[in-house]
Structure formats: structure tokens, C-alpha cells
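Residue strings, one per chain:
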Amino acid sequence: MTHTTTSRTTPTDVDVLIIGAGISGVGAAAQLTTRRPGTSFVILEGRDAVGGTWDLFRYPGIRSDSDMPTFGYGFRPWTHRKSIADGHLILDYLRQTVAEHGLARHIRFGHRVVGAEFSSATGRWTVTAHQPGSRKKARFTARFLFLGTGMYDHDAGFTPEFTGIEEFAGTVVHPQHWPADLDYAGKRVIVIGSGATAVTLIPSMARTAGHVTMLQRSPSYVFSVPAHDSVAVALRRLVGHRRAHRIVRRKNIMVTRGVYKASRRMPKLMRRLLIAGVRRQLPRHFDVATHFTPRYDPWDQRLCVVPDGDLFKAISAGRASVVTDHVDRFTRTGIRLRSGQELTGDVVVTATGLAMAPFGKIRLTVDGRETRPSDTMAYKAMMLSGVPNLVFALGYTNLSWTLKVDLVCEHFCRLLDHMDAHGHDTFEAVHDDPAAARVPYMDLSSNYVLRGIGEFPRAGTSGPWTVEMAYERDVERLREGPVEDGALRFTSLGPVASGSRPGAAG
């Protein structure tokens, strides 16, 4: 279901302007509706449908790589029997959330935000959006800006330069731009890559393709999990969806955090366990050492999850195979490898990664001065130093994305309650120690992170400037901790002279 029109009564001046109608933006809007029913808001979405990533990506087999009881919202139980869910089920869940909270009337589709300017004199944001097919730019004003834009560039994925690719007589596709009419039934498919997208595509395509070859430069950790959570199913029958949801979420958070912590503290042991798990699911003669034994430690990069070991089943059945080598060049009939081997294919899928882009590539300006995200520090991993009245949602890299989004939205609502109670008009995180250490926002060694993280805000090494990829610590900081601290300055505008910057209060 797509939406191309929105009620003309949608206001252009609101309390909160939410950018993005994906899982983060919908979550923020739902929480505002529930926790602050008097707060006015509009959601601007550049595409013509709800869903963000889950509407953008259309490649075969697209699914969650986190369990849905934690990838779903804390306030809305995941009730489907599948714990690792197909993309269309996640889209249905998001659409149902929109319907249940009456959010459709607040969404303006086809509004791609290109710029946002904050004025300290008025305490308001002015946001500019492009509309397809129109030369005019739409303008909105708001007290607060909430960026639910994710961390990927929705315009294009990443594809390395491959020598001779123009000579290939077959079809080359990137998963981010999957053609709806691509027919690969009975054909020889080569998937370049070994990450989450590749291990999702291969078993799905292998059902109808003649054969699928995963071509990788180096292996990734691949971890098999049950597609269905029998504990969750039993609990739903015993205690109902809502109570079961709370119990299963706690269970899954503990298990996932336990695996992560064990991987960081005992990497050699976890490495042996993960590789032994792969070896058990493949034929005895399979060369696990070459094809499924990474050079890095577990969780230096995100683990690739395969439900019910579907990738291993496709390999064991002979429908898929793995080649670990480097691409030398494309040829007319396939790919020649550095070893001299040539792979013949009709379709090549470049599952070579995504491109990161901070905050939807929106140009941020404060009092006429452009602010680049990379020049700022992340405060509580949800605000930018020197940028007033702005909150962003970037989820976890080592746990379900939405667990962090839920906490950020809760804290944002608490922050607005605090400002109302004290008569404040603006907030601003102030990082006033230029000598303090600045570190990358996330420390994964994945190539897409290494390529793009330099454009994101920096993190600090202490206090509210750390980026905690740890749910339990964020619960303490965002759900249970105080709104106020010495680094967050509040301002009450009052009857100030036009154009002057108010003094900080509190």
C-alpha cells in the first residue's frame, strides 16, 4: 500500500517536525501521540510510502537480522509467529502502527528535506523540502526537529569499480536497486559479498535459480538462529501477547547482550563456538577453514544471522556454493578471479555494501552558519553539540536498532515535559572542552563503516558524550537518569530584542 496524497489541512507550523516515516520516525510520532497528546507534529517523508528501509529494499528474501520482539516497538507487541521476519511482515507491522495511532493524517509524502535552519532569535526551525514534479519548495516551521533518517544513503549503495564490467553480457544489479521484473529462474547467479545482504539473498534466490555462487574476498561470521521462537509462542498462549512481549524482550536482550559481551571478553572461545556451529551444519568435506573462518574477532563486525541455517541448507543441497577469492575482472560470460579461475554467470548481484550518510544529507544551519555533523559531538547519542532543539535517532549496531530508538523517543518526551514545566524555549548541548578526546561514533571495522563514519558526529570518552552501544547503560541514562546536567543549557526567550541571542538559563 502506497500513499501519494496527504490531507491539505496538515499544518506547516508545528511543535515537532519529524523527518522520515521509517521505523524511527513512526516510533517518535507514536510516542508523542501517547505521551504528549497536545503536541502538534508533522512527518515529512521523501518517498511515497511508510517504511523507510523496509519500503526501499525489494530484493529477494529481505528480512530482519534481529529478533522481532526487540526490533519491534516496546509499546506494540510483535505477535507474528516468526521471530526473524520477512520484510513484508515488518512493513505490515509499521502500517498497523500508523493506523492504530492515527498518524496518516500527520504524514506528508513526497517531501524530501534538503535544508533546516535554526534561528536563536525566534527559537524555531525553518525546514525546506523538495517535492517531485514541482519547482516550488515547501517550507515548514517548528520548535523542535527530530531526525529519523537512519544512517544509510537511500539514493545509492556502494559498488567498487570492477574492471571490464561493461563487457559482461548478462545482468548486473545492486540489491538497493532491485528491478521488479528481474527473472533469474534457472539462471546462473553470482552474488559478490559475504555480509548480511548476501547471506539473505543467496538461499532465497537458490530456490529458483539454476545455481547461486557466493563470491567473497574474505569470510564473515554467520550465525544460525531459529526463525520461530518456541518460548515466545508458548508464553503468548499462557499469558497473552502483551505480558509475553515484555518477558520475551527481556530474554532476547539478555541473550544477545550475553553473546556480545562474551565475544568481546573471550574472542577465541566465541570464535571456536561460532565456527563449530557452522561446521555442524555443512557436509563433512566442506572447507570451513577457507570459506567461514574470518580473520577478525567476533563482533568486530556485525554477526550475519541466518534463520534455521537456510544458507547452509542451500549449500548442502548443492543449490549454492562459496568461492573465496578476489575479482580480477569481468568478462563477457562472467568473472575472472585473481587465482585464474573463471566463474560463469547470467546474473551478477553486487551485494558489496551500503553507503552511509548522516541525517539524510540535510544541510543544517544555525543562525546563518552551516553546521557539519562531523564538527559536532554527540550528546547522549541523541543530540548534536551547538545545534539547539534537535534530536536524532540512530539505533544500536550490536542489538536491535529499535531498542535505542524507543529510549531516545522516551527521553525526548521527558525533555519536552521538563521544558514546559520550567518555561524553557530552547535546549542546546554545549561541549566546552576543546582538548577532550574525540572518537568515532561507532567502532565497527566493517568496510561501510570505515568508509562513511568520518561524516558523522564524534563521540567522547566520558560523561554524556559517550555513545553507549549497551542497552542497560542507556536505560540508566535515558529512561531513569535526569534530563538536566551541566552540558545541556536551557534558554527562555522572553521579551528579548530582535536578533539577539538569549542568555542561557538553568
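That block above? That's the structure.
Conventions adopted
- Positions within a chain are numbered from 1, following the residues in the order the chain's sequence is written.
- Restriction of local features to residues with pLDDT of at least 70 applies here, the model being predicted, together with a cutoff of 80 or more for giving and counting side-chain atom pairs; totals for whole chains, interfaces and linings are based on all residues.
- Side-chain metrics in this entry use all non-hydrogen atoms of the structure; hydrogen atoms and water are not considered.
- Should DSSP find at least two bridges between two strands, the strands are taken to pair.
- Under the scheme used here, helices are H or I runs from DSSP no shorter than 4 residues and strands are E runs no shorter than 2 residues, and both carry numbers assigned from the N terminus.
- Simply put, an axis is a line fit to the C-alpha atoms, just over the touching stretch for a helix, and the angle between two N-to-C directions goes from 0 to 180 degrees.
- Two rings from Phe, Tyr or Trp (for Trp, the six-membered ring) form a pair when their centres sit within 6.5 Å of each other. Planes less than 30 degrees apart are called stacked, planes more than 60 degrees apart edge-to-face, and all others tilted.
- Partly exposed describes any residue whose relative accessible area lies between the buried limit of under 20% and the exposed limit of over 50%, with all areas from a 1.4 Å probe on protein chains only and scaled to the type maximum.
- Note on criteria: charge over ring means Lys NZ or Arg CZ within 6 Å of the ring centre, with the direction from the centre no more than 35 degrees off the ring normal.
- Between two residues, a contact is recorded if the distance between any of their heavy atoms is within 4.5 Å.
- Here a salt bridge means any side-chain nitrogen of Lys or Arg lying within 4 Å of a carboxyl oxygen belonging to Asp or Glu.

Novice: In this structure, what is going on with the sheet that holds strand β13 (residues 327-330)? I would like to understand it.
Specialist: Read across the open sheet, the 3 strands follow the order β13-β14-β15; overall the sheet is antiparallel. Edge positions in the open sheet fall to β13 and β15 (342-344), since each of these has one partner strand only. Here the average twist between neighbouring strands, direction ignored, is 25°. Direction of pairing for strand β14 (residues 334-337) relative to β15: antiparallel, over a ladder of 3 bridges. Each bridged residue has a counterpart across the sheet, and for G334 the counterpart in β15 is T344.

Novice: Is there a simple way to think about the packing of aromatic side chains in this case?
Specialist: Centre distance and the angle of the planes are the two values used to describe a pair of aromatic rings. Counted according to the given criterion, the structure contains 19 aromatic pairs. Between F359 and F392, the aromatic rings sit 5.1 Å apart at their centres with planes inclined by 50°, giving tilted as the arrangement. On the criterion of sequence distance, the pair formed by F359 in the loop between β16 (347-350) and β17 (363-366) and F392 in strand β21 (residues 390-392) is long-range, its members being 33 residues apart. With a relative accessible area of 2%, F359 lands in the buried category. The rings of Y73, F75, W78 and Y93 are connected pair by pair, giving a single aromatic cluster. Lying across the ring of F158, R451 places its NZ or CZ 3.5 Å from the centre.

Novice: Explanation requested: the environment of V16 in the structure shown.
Specialist: By the secondary structure assignment, V16 is in strand β1 (residues 13-19). Once residues within four sequence positions are removed from consideration, V16 is found in contact with L32, T39, S40, F41, V42, A142, F144, F146, F412 and L416.

Novice: Is there a simple way to explain the pattern of salt bridges in this structure?
Specialist: Between side chains of opposite charge, pairing is possible as soon as their charged atoms come close. Under the counting rule described, the total for this entry stands at 29 salt bridges. Between D155 and K361 there is a salt bridge, with its nearest N and O atoms 2.7 Å apart. Placement of the pair is D155 in the loop between β6 (137-147) and β7 (171-173) and K361 in the loop between β16 and β17, with a sequence separation of 206 residues. For K361, a relative accessible area of 43% translates into the label partly exposed. A salt bridge links K404 to D474, with the shortest nitrogen-to-oxygen separation between them at 3.4 Å. Placement of K404 in helix α11 (residues 401-422) and of D474 in helix α13 (residues 471-480) is noted, with a sequence separation of 70 residues between them. Classification of K404 as buried rests on a relative accessible area of 2%. Among the charged side chains, a salt-bridge network with shared partners connects R112, D153, D155 and K361.

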